[in-house]
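What the coordinates show
Spelled out, the chains give:
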Amino acid sequence: MKNRWLIAASAVGIHGSIGSVYAWSVFNLPLEQTFGWDRSAVASTFSLAIFFLGLSAAIMGHFVEKHGPRRAGLLAATFWGAGLLIAGFGTSVGNIYLLWLGYGVFGGIGLGIGYITPVSTLVKWFPDRRGFATGLAIMGFGFGAMIGGPVFGYLMENFSIPFTFYASGIAYMAVMYLSALYLERPPQGWMPDGMKEAVASGAQKITQDLTQQTANEAAKTAPFYWLWIMMFINISCGIGVIYSASPLAQETIGLSPTEAAAVVGLMAVFNGIGRLGWATLSDSLGRANTYIAFFVLQIALFAVLPNIGSVLMFQVVLFTIMTCYGGGFATLPAFIGDLFGTKQLGAIHGYILTAWAAAGLVGPQIAAYLRSVTGSYELTLYIFGGAFVVALGVAFMMKAYITKARGRLEAVTA
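Residues numbered from 1 in each chain as written. Predicted model: local features only at pLDDT ≥ 70, side-chain atom pairs only at ≥ 80, totals over all residues. Heavy atoms only, no water.

**Observations regarding the environment of Leu122**
- Here Leu122 is to be found in helix 4 (residues 96-125).
- Judged by its relative accessible area of 0%, Leu122 is buried.
- Along the backbone, Leu122 and Ser282 are 160 residues apart, and their C-alpha atoms lie at a distance of 16 Å.
- Excluding residues within four positions of it along the chain, Leu122 makes contact with Ile7, Ala8, Ala11, Ala133 and Ala137. (Helix = DSSP H or I, 4+ residues; strand = E, 2+ residues; numbered from the N terminus. Buried < 20%, exposed > 50% of the residue type's maximum accessible area, 1.4 Å probe, protein only. Contact = heavy atoms within 4.5 Å.)

Next comes the structure, spelled out in structure tokens:
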């Protein structure tokens, strides 16, 4: 029998490797200066990677469920590693199309498969702590940039851009291969030591999933689309803030470019902390209540952010927003399990992550357009705050649905 904590460590290994995509910004300036490529053309590499992440997660979720986490993890490692190697070759010959193909397309496919692969497995290994387990793995994705960013910067400064892609491709492929080889689903109905006895004696109660549905069945229900809408809004606004954080810090509170860069670096830390913290809290608070807390907090935070003059308060507000952004990702798989069961959790997770692909295109574009029209990010932040009012309304609809469905389920069980 596999050790579930080593399964969790393997999940962190995969997510930490692919999470380095959030450090893409360190490549922007070197690529522009070295090859003379247009800024928007370089930025398109990241947009392609996020787009193909969402697309491959939606398409390959069924592959994960059919073939298991080990084969899916090995496939993810192959695509992500090969994508970085192709990107290295592209930069060695100065061809941006090969960079797009490698990092954006191949790499993006590896990101999507790698993101969903460990999650449904972890939910099954931690029936007692669903939120904590998925938060632990997805925290690795948030922290991936914190490790990758400085390493990429060092390698580019001391070696070259192609060497950085080659080295990281080989290293991440090795880590992901080793991690994937340990992944395995537990036996049907498995529980950790002591849990079966506690359930049998009545000392511990298992909260039954509301339904057990396939991905295609779930996609025909209202709660599926409510989850999609909540994630789309949370991600769009979060990515919009990530995109504009540095200039916003300089314009709003007068930080220097170096100081603003330090703030952006710390955002990745709080993104990761939020993934573990909020997901763990959702085990006791409830998933719907956790999302309600996200949205109530962010309505207030986005309303005050444009008018803050204090450096300390600016960071407190910004970092709190980042915890909510990360927490939304980490709480999602456990929420899916509660609503639709674990039969095809990976496939359902993949479908809903199309919200990420859409948000990756919408959030930065809104921020950039309104900044160019108005000359500041103030209106953007107010619009994002208004979007969270819509998300809050959807979250209350979800809570009402769960309360009603839970009541019916308990009545039938009784």
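Now that the structure has been shown, the text picks up again.
**Some remarks on the domain arrangement of the protein chain**
- Examined at the domain level, the protein chain breaks down into domain 1 (4-198) and domain 2 (215-413).
- Look at where the C-alpha atoms of domain 1 and domain 2 centre, and you get two points 21 Å apart.
- Across the interface of domain 1 and domain 2, roughly 2700 Å² is buried in total on both sides, 70% from carbon and sulfur atoms.
- Contact with domain 2 buries area across many residues of domain 1, yet Tyr22, His62 and Arg130 alone supply 19% of it, more than any other trio.
- Our count for the contact surface shared by domain 1 and domain 2 stands at one salt bridge. (Domains from an automatic or database assignment. Buried area = accessible area lost by both parts, 1.4 Å probe. Salt bridge = Lys/Arg side-chain N within 4 Å of Asp/Glu carboxyl O.)

**Some points on the packing of helix 3 (residues 39-92) against helix 14 (residues 354-374)**
- At a minimum axis separation of 7 Å, helix 3 and helix 14 run at an interaxial angle of 165°. Comparing the axis directions of helix 3 and helix 14 gives the class roughly antiparallel. For helix 3 against helix 14, the interelement crossing comes out left-handed. Touching Ile50, Phe51, Leu53, Gly54 and Ala58 of helix 3 are Thr354, Trp356, Ala357, Gly360 and Leu361, all from helix 14.
- Class assignment for the residues of the contact of helix 3 with helix 14 results in seven nonpolar, three polar and no charged. (Axes fitted to C-alpha atoms, helices over the stretch in contact; angles between N-to-C directions. Parallel < 35°, antiparallel > 145°, perpendicular 65-115°, else oblique. Left-handed = near helix turned anticlockwise from the far one by under 90°. Nonpolar A, V, L, I, M, F, W, Y, C, P; charged D, E, K, R; others polar.)

**Section: the packing of helix 2 (residues 25-35) against helix 5 (residues 130-158)**
- Two numbers describe how helix 2 lies on helix 5: the axes approach to 9 Å, and their chain directions differ by 20°. With respect to helix 5, the axis of helix 2 lies roughly parallel. In this structure, helix 2 uses Val26, Phe27 and Pro30 to contact helix 5, whose residues at the interface are Gly149, Phe152 and Met156.
- The residue inventory of the contact of helix 2 with helix 5, partitioned by class, reads five nonpolar, one polar and no charged.

**Re the pattern of salt bridges**
- Counted according to the given criterion, the structure contains eight salt bridges.
- Put simply, Arg4 and Asp128 hold a salt bridge, and the shortest N to O gap is 3.0 Å. With Arg4 in helix 1 (residues 4-18) and Asp128 in the loop between helix 4 and helix 5, this pair connects stretches of sequence that are 124 residues apart.
- Residue classification places Arg4 among the buried positions, given a relative accessible area of 14%.
- One salt bridge connects Arg287 with Asp338, and the closest N-O pair in it is separated by 2.7 Å. Residue Arg287 is found in helix 11 (residues 287-304), and its partner Asp338 is found in helix 12 (residues 311-340); the two are separated by 51 residues along the sequence.
- Classification of Arg287 by relative accessible area gives buried; the value is 9%.

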